[in-house]
Amino acid sequence: MKKLNSKKYKDNLKKTKSKKHNYILNTIITLMYIFLAVFIGFSIYIYLTAPSFDKELLYKKESSNLYDNNLNLITTIGTEKRQVISYDDIGEVLIDAIVSAEDSRFYMHNGFDAPRFFKASVYWLRGIDNGGASTLGMQISKNTFTNTNSKGIEGIIRKFKDIYISVFKLNKNYSKKEVLEFYVNAPYLGSGSYGVEQASLTYFNKHTKDLTLVEAATIAGLFQAPSKYDPILYPENANIRKNTIIDLMLRHGYINEKEAECAKNINVEDIVRKENLNLSPYQGFIDTVVEEIIEKENINPYETSMDIYTTMNRDSQDVINDFYKNYNFKDDKVQVGIGVINNDNGEIIAVGAGRNKTTELSLNYATGIKRHPGSTAKPLFDYGPGIEYNGWSSSTLFEDSKVKYTNGGYIKNIDGKYLGTLTLKECLVKSRNTCALKAFKRVKNSNINKFVTSLGITPEYLNKNNTYINEAHSIGAFTGVSPITLAGAYQAFGNGGIYNEPHSYRKIIYKSSLGKVEQERKYISRRAMKETTAYIISDILKNVTSSKTRIKGTDIATKTGTSSYDETALKKLHLPSSVVRDSWTVTFTKSHTISIWYGYDELYKKNYITNNTSFNERVKIQSKIVKGIVNEGEKFNKPKGIITTKEVITNEDGTEKTITGLKAKN
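Residues numbered from 1 in each chain as written. Predicted model: local features only at pLDDT ≥ 70, side-chain atom pairs only at ≥ 80, totals over all residues. Heavy atoms only, no water.

1. Looking at the overall build of the chain
Line of reasoning, step 1. Assigned secondary structure in the chain consists of 20 helices and 19 strands.
Line of reasoning, step 2. Looking at the chain residue by residue over its 666 residues, the buried ones come to 52%.
Line of reasoning, step 3. Put simply, 70% of the contacts in the chain that link residues at least 6 apart link residues at least 24 apart.
Line of reasoning, step 4. For the chain, the exposed surface amounts to about 33,300 Å²; the carbon and sulfur share of it is 50%. (Helix = DSSP H or I, 4+ residues; strand = E, 2+ residues; numbered from the N terminus. Buried < 20%, exposed > 50% of the residue type's maximum accessible area, 1.4 Å probe, protein only. Contact = heavy atoms within 4.5 Å. Areas by Shrake-Rupley, 256 points an atom, 1.4 Å probe, with all protein chains shown as cover.)

Next up, the structure:
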């Protein structure tokens, strides 16, 4: 065996290690050069593509325009109501509140807070949203010169542009006082106010320098989300945010614990100004459009400039506006919510957003309430599904007699009586609760679910899989629907069975320095039931329409409904059992559906409606609004496949009775 040459082995091992070391070193150096090249290239890209800083643009934001369905201007929103103030007029307590909330190291960095930024980046890589770590300068850049809604790689590029503008355009050329001036004077802060001075006047009727600690914390809280924390519209949200600002001021040493405790004990709702603002006569519809755009596009038209082409029909909206203005209401607290829909396409052409509106985006009684629909649920949950899936006719027989819920007590008719054998048509026209429950039980629950959800109704389910619907839905005892939701469901009866998702705008055109971007409103349109089902229900409900609402030569269908209070609530206030909670009227023709809710926000000792009041008021309201909106001479389209049935039945006394009805041909 040859003897191992240890010296040669060691020399070879040394050479191998040296090569490996050189390879690693060269790789590291190469990667460093690549990283440096990428960094330099990226920096040059940011430098060349970052927008130029022009302080005049901070106070010039183009407004949003809303047009009606005939392309006429309704109004302009976001017009900048602003009073620019200097640093010395801001007030120290407000400066402390803003710095605590938005950029606690503002006085220590050069426009880029590296420790806070990298800490936030680590959280982001771990999938934790810990805020954007933006400085005041970066926020000024984002809100005016770059954009607020870019995501992914575009969001990263935008973030570095914000850093560049903040460091080299703002903090390099302007003092900390001037940067603060830019920050507090530029943004939209809710209720039509731009900048802290106008916001202070709007919410507290005082100049910024005169704000108290609580008021300053409230204003500072608006910078994060002015629509969410508007103290006039959402005082509870504003109060929670105010307390958060107080905690931050305490943490950073601007106030002591006693001051913080006192400030937290003051409720924003008790100090905010509540005077009437100068609102557009079409504010209810404007609110409806703005709410929908915020929900669908995640952009606020008050903050982002755009042209909005709405679905509002000015003549129809004027009918509702005149009703609110001239109708003799029983008191100041009773409310009316109204939704009017074009059956052909689901366009909301008019709304009744509520009486006595004093602010933008206040509670919208056309879209923002959920109330028990009462007997208006019967065509949706009972007879419509029975005709659609069980092949019922309008003469299908039901027994108006005692019946109870499967797992509960007996159900009652409103008059406390039972009428014996009735046809489906009679049950629906007379709105018999017992027949409705029996109809509900005779239809497969999954078919009921399929029917109502296809019409945009969201039931309340008994199981975790959201499939089994409670029997109380048969008479509308669930929460709930809004006028627009109910109108959206009923439109399918008038138009031959097609559900079109209700919507208040056709398209929006974004306006920016990069040009205009058009985006159409895409909405759901689907067949929800057979044409025959829609026609049979429509033909039945023509018989419910009051003579005061009928128009010669015009098919007008109606369904009414009421909901009741719990007996315990009535006894507590010593009110009679005839008091009702919600009063509904849904009216539809071939072209239009009008849904009207009448009632109170809550039960009052002296302000309430009874069954009689409900009946009388809804007939008068229905007549006034319907006659001003519907097209005369329209008839429901009778589809092929509808046949007339004739059946002879024997009454209890032995006499015979011939009943006729409409049915879909098999």
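2. Examining unusual backbone geometry
Line of reasoning, step 1. A cis amide bond links T479 to the next residue, G480, at an omega of -15°.
Line of reasoning, step 2. Looking at where G480 falls in the secondary structure, it is placed in the loop between helix 16 (445–453) and helix 17 (483–494).
Line of reasoning, step 3. Although it is not a glycine, L71 sits at a positive phi angle of roughly 70°.
Line of reasoning, step 4. Topologically, L71 is positioned in the loop between strand 1 (64–67) and strand 2 (73–77).
Line of reasoning, step 5. Residues other than glycine seldom take positive phi values, yet N356 does so here, at roughly 55°.
Line of reasoning, step 6. Position of N356 relative to the elements: it lies in the loop between strand 7 (347–352) and helix 13 (378–390).
Line of reasoning, step 7. N356 sits in the exposed class, given a relative accessible area of 53%.

3. What to know about the nonpolar core
Line of reasoning, step 1. Residues L380, F381, Y383 and L455 are the most contacted members of the largest nonpolar core, which totals 52 residues.
Line of reasoning, step 2. Counting residues per element, this core draws most heavily on helix 18 (residues 531–541), which supplies six residues.
Line of reasoning, step 3. The residues touching F381, leaving out its near neighbours within four places in the chain, are F440, I448, V452, I457, P459, I469, H473 and F478. (Core = buried A, V, L, I, M, F, W, Y, C linked by side-chain atoms within 4.5 Å.)

4. Thoughts on the pattern of salt bridges
Line of reasoning, step 1. Summed over the entire model, instances satisfying the criterion amount to 20 salt bridges.
Line of reasoning, step 2. Put simply, D582 and R371 hold a salt bridge, and the shortest N to O gap is 2.7 Å. With D582 in strand 15 (residues 579–588) and R371 in the loop between strand 7 and helix 13, this residue pair connects regions lying 211 residues apart in the sequence.
Line of reasoning, step 3. Between E501 and R521 there is a salt bridge, with its nearest N and O atoms 3.4 Å apart. Of the two residues, E501 is situated in the loop between strand 10 (498–500) and strand 11 (505–512) and R521 in the loop between strand 12 (515–520) and strand 13 (525–527); the sequence distance between them amounts to 20 residues. A single burial state applies to E501 and to R521, both of which are buried.
Line of reasoning, step 4. Linked through salt bridges whose partners overlap, the residues forming this network are E292, K296, E501 and R521. (Salt bridge = Lys/Arg side-chain N within 4 Å of Asp/Glu carboxyl O.)

5. A look at the layout of surface pockets
Line of reasoning, step 1. In this structure, the second largest pocket occupies an estimated 1,300 Å³ of space.
Line of reasoning, step 2. Every residue lining the second largest pocket is counted, 41 residues in all, and those nearest its centre are I414, N433, T562, S564 and N611.
Line of reasoning, step 3. Taken together, the elements giving at least two residues each to the lining of the second largest pocket come down to helix 14 (424–430), strand 14 (557–564), helix 19 (567–572), strand 15 and helix 20 (611–629).
Line of reasoning, step 4. Top element by residues in the lining of the second largest pocket is strand 14. It accounts for seven residues.
Line of reasoning, step 5. When its residues are assigned to classes, the lining of the second largest pocket shows 14 nonpolar, 20 polar and seven charged. (1 Å grid on protein atoms, 1.4 Å probe; cavity = no way out; pocket = protein on both sides within 12 Å on 5 of 7 lines; lining within 4 Å. Points joined across faces, edges and corners; volume = space filled by probe spheres on them. Nonpolar A, V, L, I, M, F, W, Y, C, P; charged D, E, K, R; others polar.)

6. Remarks on empty space enclosed by the protein
Line of reasoning, step 1. The final tally for this structure, using the stated rule, is one cavity of 30 Å³ or more.
Line of reasoning, step 2. The space that makes up the largest cavity amounts to roughly 70 Å³.
Line of reasoning, step 3. Surrounding the largest cavity, Y188, G190, S191, P226, S227, D230, L233, N300, Y302, E360 and L361 form its lining.
Line of reasoning, step 4. Considering only residue class, the lining of the largest cavity consists of five nonpolar, four polar and two charged.

7. A short note on the packing of helix 13 against helix 15 (residues 433–442)
Line of reasoning, step 1. It is the contact of helix 13 with helix 15, at a shortest axis distance of 9 Å, that shows an interaxial angle of 45°. Here helix 13 lies oblique to helix 15, going by the angle between them. The hand of the helix 13/helix 15 crossing is left-handed. Mapping the contact onto sequence places K378, F381, D382, Y383 and N390 in helix 13 and N433, C435, A436, A439, F440 and R442 in helix 15.
Line of reasoning, step 2. Residue composition of the contact of helix 13 with helix 15, by class: six nonpolar, two polar and three charged. (Axes fitted to C-alpha atoms, helices over the stretch in contact; angles between N-to-C directions. Parallel < 35°, antiparallel > 145°, perpendicular 65-115°, else oblique. Left-handed = near helix turned anticlockwise from the far one by under 90°.)

8. Notes on the packing of aromatic side chains
Line of reasoning, step 1. Summed over all chains, the structure comprises 19 aromatic pairs.
Line of reasoning, step 2. When the ring of Y490 is compared with that of F588, the centres are 6.0 Å apart and the planes differ by 50°; the resulting orientation is tilted. Of this pair, Y490 sits in helix 17 while F588 sits in strand 15; the two residues are 98 residues apart in sequence, bridging distant segments of the chain.
Line of reasoning, step 3. On the basis of relative accessible area, Y490 is assigned to the buried category, the value being 0%.
Line of reasoning, step 4. Ring-pair connections join several aromatic residues into one group, and the members of that group are F323, Y324, Y327 and F329.
Line of reasoning, step 5. K176 extends its terminal NZ or CZ atom over the ring of F106, reaching a point 4.4 Å from the ring centre.
Line of reasoning, step 6. Of note, K507 hangs over the ring of Y309, and the distance from its end group to the ring centre comes to 5.1 Å. (Phe/Tyr/Trp six-rings, centres within 6.5 Å; stacked < 30°, edge-to-face > 60°. Lys NZ or Arg CZ within 6 Å of the ring centre and 35° of its normal.)

9. Considerations on a nonpolar patch on the surface
Line of reasoning, step 1. There is a patch of nonpolar side chains on the surface, built from Y23, I24, I28 and M32 and spanning about 450 Å² of accessible area.
Line of reasoning, step 2. Residue position: Y23 is located in helix 1 (residues 6–49). (Patch = residues over 30% accessible without salt bridge, like charges linked within 9 Å, V, L, I, M, F, W, Y side chains within 5 Å.)

10. Digging into the environment of R432
Line of reasoning, step 1. Within the secondary structure, R432 is located in the loop between helix 14 and helix 15.
Line of reasoning, step 2. The buried category is assigned to R432, whose relative accessible area is 4%.
Line of reasoning, step 3. Excluding its chain neighbours within four sequence positions, the residues that come into contact with R432 are K378, Y383, D400, N413, D415, K417, Y418, L419, L422 and C427.

11. Describing the side chain of T434
Line of reasoning, step 1. With respect to the helices and strands, the residue T434 is situated in helix 15.
Line of reasoning, step 2. Looking at T434, the relative accessible area reads 0%, which means it is buried.
Line of reasoning, step 3. Engagement of the side chain of T434 in a polar contact is seen with the side chain of D400, the distance being 2.4 Å.
Line of reasoning, step 4. When neighbours within four sequence positions are excluded, T434 is seen to be in contact with D400, S401, V403, I411, N413 and Y418. (Polar contact = N/O pair within 3.5 Å; in protein donor to acceptor, adjacent residues only side chain to side chain.)

12. Regarding the packing of helix 7 (residues 195–204) against helix 8 (residues 213–221)
Line of reasoning, step 1. Between helix 7 and helix 8, the least distance of the axes is 11 Å, while the angle of their chain directions is 120°. As judged from the angle between their axes, helix 7 and helix 8 are oblique. Helix 8 is crossed by helix 7, and the crossing has right-handed handedness. Each of V196, A199, S200, Y203 and F204 in helix 7 lies in contact with helix 8, whose residues at this interface are E215, T218 and I219.

13. What about helix 17?
Line of reasoning, step 1. Here helix 17 spans 16 Å end to end across 12 residues, near enough to the 16 Å set by a 1.5 Å rise per residue.
Line of reasoning, step 2. Among the 12 residues in helix 17, 11 count as buried, and that is most of the element.
Line of reasoning, step 3. Buried within helix 17 we find P483, I484, L486, A487, G488, A489, Y490, Q491, A492, F493 and G494.
Line of reasoning, step 4. A positive phi of about 95° marks G496, the residue just after helix 17. (Expected span 1.5 Å × (residues − 1).)

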